[in-house]
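Each chain, written out:
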Amino acid sequence: MQLTEYLNEGMALAQQGFDTVNSIQGLVIAVIAAGLMRGYGQIIFYAIGATIVHEVVTIIRHMAMHDGTPMPNFADPAELKLIAIRLVGYFVAITLIYLVRRILIRS
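What you see is a predicted model; the values in this text were computed from it and never measured. (Residues numbered from 1 in each chain as written. Predicted model: local features only at pLDDT ≥ 70, side-chain atom pairs only at ≥ 80, totals over all residues. Heavy atoms only, no water.)

Colleague: If you had to explain the overall build of the protein to someone new, which residues and values would you point to?
Modeller: When its secondary structure is counted, the protein shows four helices and zero strands. Traced from its N-terminal end to its C-terminal end, the protein shows the element sequence α-α-α-α. Dimensions along the principal axes, computed over C-alpha positions, put the protein at roughly 50 × 40 × 20 Å. Relative to its 107 residues, the protein shows a buried fraction of 25%. The contacts of the protein with a sequence gap of at least 6 include a subset with a gap of at least 24, amounting to 80%. Accessible area for the protein stands at about 7200 Å²; split by element, carbon and sulfur atoms hold 71% of it. Counting 7 positive and 7 negative side-chain charges, the protein places the averaged centre of each group 19 Å from the other. (Helix = DSSP H or I, 4+ residues; strand = E, 2+ residues; numbered from the N terminus. Buried < 20%, exposed > 50% of the residue type's maximum accessible area, 1.4 Å probe, protein only. Contact = heavy atoms within 4.5 Å. Areas by Shrake-Rupley, 256 points an atom, 1.4 Å probe, with all protein chains shown as cover. Lys, Arg positive; Asp, Glu negative; His and termini not counted. Charge placed at Lys NZ, Arg CZ, Asp CG, Glu CD.)

See below:
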């Protein structure tokens, strides 16, 4: 593969990840994570934490709706791929919100 193909795949993954986070639940989690983050070096930890919080909130919502299967199937590769894509989405969303916050604070 050429470098441009890798970049295109990476951009598509980032776009898909951002789309999975681009909901009220995801944006609230990302804003809180970006607000708590003290330095950009912590982005990986906050993206992982936001992904875990997202999964927990989703499980709680399914339980509140009396869904028959509130727990995701973590043995399913498709479910793990969705969680990985969501992690990338939180990485992108928290990065953007953190950068906007830094710019506004300095102004």
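There is more to say after this.
Colleague: Which residues make up the packing of aromatic side chains, and what are the values?
Modeller: Enumeration over the complete set of coordinates arrives at one aromatic pair. Geometrically, the ring pair formed by Y40 and Y98 is tilted, given 6.1 Å between the ring centres and 35° between the ring planes. With Y40 in the loop between helix 2 (24-36) and helix 3 (43-64) and Y98 in helix 4 (residues 77-106), this pair connects stretches of sequence that are 58 residues apart. The partly exposed category is assigned to Y40, whose relative accessible area is 35%. For Y98, a relative accessible area of 5% corresponds to the buried category. (Phe/Tyr/Trp six-rings, centres within 6.5 Å; stacked < 30°, edge-to-face > 60°.)

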